[in-house]
Amino acid sequence: MRTSLRDAVAMSAAVLAPFLMGLALLPLRTSLSHTNLALLLVVVVVAVSALGNRFAGALAALSAVAWFDFFHTEPYQSFHIQDRADAETAVLLLFVGLAVSQLSARARVLRRAAVSDAQHLERLHAVSRLVRSGRCSADELVERIREDLIEVLDLRGCRFVRGSGPVDGPPPRLEPDGSLRVEGWIWDLDRQGWPDGETELWAVAHGRCHGVFVMTPVPGVAPASPEARLVAVDLAGLAALALSGQKDLAQP
């Protein structure tokens, strides 16, 4: 919801901010070159791109070109350009604005991924410390990991069942490499999304399954990243270590 609101604000800013900047630059129209005016409009495109997504940035670039043309090229108050140099500046403003918007959007995605990876790493460290310390029972640790799995994989629900997985007709299962196996086939989770129904994640330690996390994904929600799925597998492994009575992690 927070992301949707932010994107909605960015889309509105993509239309209004270049207009307001173009209007504010009117007193400088005769003292600044058209190139400098265009560069100031690029600053607005960068700000919108940093706030929103790549679509907001692209819209801001188009809006900046339109208001540069309307306010700062002859004939004024018209979307027509007479001077060839002004036309070239407008085209360059569009290309630079689009390029900047894409780069800003990419930087935003990488920043979000870095924050997510750091959170996953801290989550694994926290659970590992609990396994080593023995400060909580195996059941308490399993409950903690169950809650972590809901957050890491963005699940609707998750429950833990002691014992090994079913022998015949197994439901979809998240494999140790983060892939999804459905009835003997590797399911393209990134392209196809979660299959209908429940998905299993086995808690395995020292070659033995000590229980199964039965996960219920949210319908229509994109699956978690491959990195998040590997974190989920590691969390399930830590649960298995606790259930097996192993208090110390394996040493290299």
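That block above? That's the structure.
Residues numbered from 1 in each chain as written. Predicted model: local features only at pLDDT ≥ 70, side-chain atom pairs only at ≥ 80, totals over all residues. Heavy atoms only, no water.

**Some details on the overall build of the protein**
Alright, step 1. Regarding its fold elements, the protein presents seven helices and six strands.
Alright, step 2. Mapped from its N terminus to its C terminus, the protein presents α and β elements in the order α-α-α-α-α-β-β-β-β-α-β-β-α.
Alright, step 3. On the protein, roughly 14000 Å² of surface is accessible, and the fraction owed to carbon and sulfur atoms is 60%. (Helix = DSSP H or I, 4+ residues; strand = E, 2+ residues; numbered from the N terminus. Areas by Shrake-Rupley, 256 points an atom, 1.4 Å probe, with all protein chains shown as cover.)

**Considerations on the pairing of strand β5 (residues 199-205)**
Alright, step 1. Across the seven residues of β5, five count as buried, placing the element largely inside the fold.
Alright, step 2. Relative to strand β6 (residues 208-217), β5 runs antiparallel, the two sharing seven bridges. Counterpart to alanine 203 in the pairing with β6 is glycine 211.
Alright, step 3. In textbook terms, the turn of a hairpin is the stretch between consecutive antiparallel strands, and for β5 and β6 this stretch comprises two residues, one of which, histidine 206, has a positive phi near 55°. (Buried < 20%, exposed > 50% of the residue type's maximum accessible area, 1.4 Å probe, protein only. Pairing = 2+ DSSP bridges.)

**Brief notes about the pattern of salt bridges**
Alright, step 1. Here the structure, examined in full by the defined rule, presents 11 salt bridges.
Alright, step 2. Between glutamate 198 and arginine 159 there is a salt bridge whose closest N-O contact spans 2.6 Å. Of this pair, glutamate 198 sits in the loop between α6 (189-192) and β5 while arginine 159 is found in strand β1 (residues 155-162), placing the two residues 39 residues apart along the sequence.
Alright, step 3. A relative accessible area of 34% means that glutamate 198 is categorised as partly exposed. (Salt bridge = Lys/Arg side-chain N within 4 Å of Asp/Glu carboxyl O.)

**Re helix α5 (residues 138-153)**
Alright, step 1. Compared with an ideal rise of 1.5 Å per residue, which puts 16 residues at 22 Å, α5 spans 22 Å between its outermost C-alpha atoms and is within 8% of the ideal.
Alright, step 2. Buried residues of α5: Leu141, Val142, Ile145, Arg146, Asp148, Leu149, Val152 and Leu153, and no others.
Alright, step 3. Looking at the residues trailing α5, positive phi occurs at aspartate 154, about 55°. (Expected span 1.5 Å × (residues − 1).)

**What to know about the packing of helix α2 (residues 34-51) against helix α3 (residues 54-72)**
Alright, step 1. Taken N-terminus to C-terminus, the directions of α2 and α3 make an angle of 155°; their axes are 9 Å apart at the nearest point. Comparing their axes, α3 and α2 come out roughly antiparallel. For the crossing formed where α2 meets α3, the hand is right-handed. Between α2, through His34, Leu37, Ala38, Leu41, Val45, Val48 and Ser49, and α3, the contact on the second element is made entirely by Ala56, Gly57, Ala60, Ala61, Ala64, Phe68 and His72.
Alright, step 2. Residues that form the contact of α2 with α3 fall into these classes: 10 nonpolar, four polar and no charged. (Axes fitted to C-alpha atoms, helices over the stretch in contact; angles between N-to-C directions. Parallel < 35°, antiparallel > 145°, perpendicular 65-115°, else oblique. Left-handed = near helix turned anticlockwise from the far one by under 90°. Contact = heavy atoms within 4.5 Å. Nonpolar A, V, L, I, M, F, W, Y, C, P; charged D, E, K, R; others polar.)

**Comments concerning the packing of aromatic side chains**
Alright, step 1. Tallying each qualifying case throughout the model produces eight aromatic pairs.
Alright, step 2. Residues tryptophan 67 and phenylalanine 79 carry aromatic rings whose centres are separated by 5.9 Å and whose planes lie at 55° to one another, so their mutual orientation is tilted. Here tryptophan 67 is found in helix α3, whereas its partner phenylalanine 79 is found in the loop between α3 and α4 (84-133), with 12 residues between them in sequence.
Alright, step 3. In this structure phenylalanine 79 comes out as exposed when scored by relative accessible area, which is 52%. (Phe/Tyr/Trp six-rings, centres within 6.5 Å; stacked < 30°, edge-to-face > 60°.)

**Some details on α2**
Alright, step 1. End to end, α2 covers 26 Å across 18 residues, agreeing with the expected 26 Å (1.5 Å per residue, within 8%).
Alright, step 2. Among all positions in α2, only Leu37, Ala38, Leu41, Val42, Val44, Val45, Val48 and Ser49 are buried. Viewed along the axis of α2, the buried residues span an arc of 160°, placing them on a single side of the element. What points out from α2, more than 90 degrees from its buried face, is the exposed set Leu39 and Val43. (Arc of directions from axis to C-beta.)

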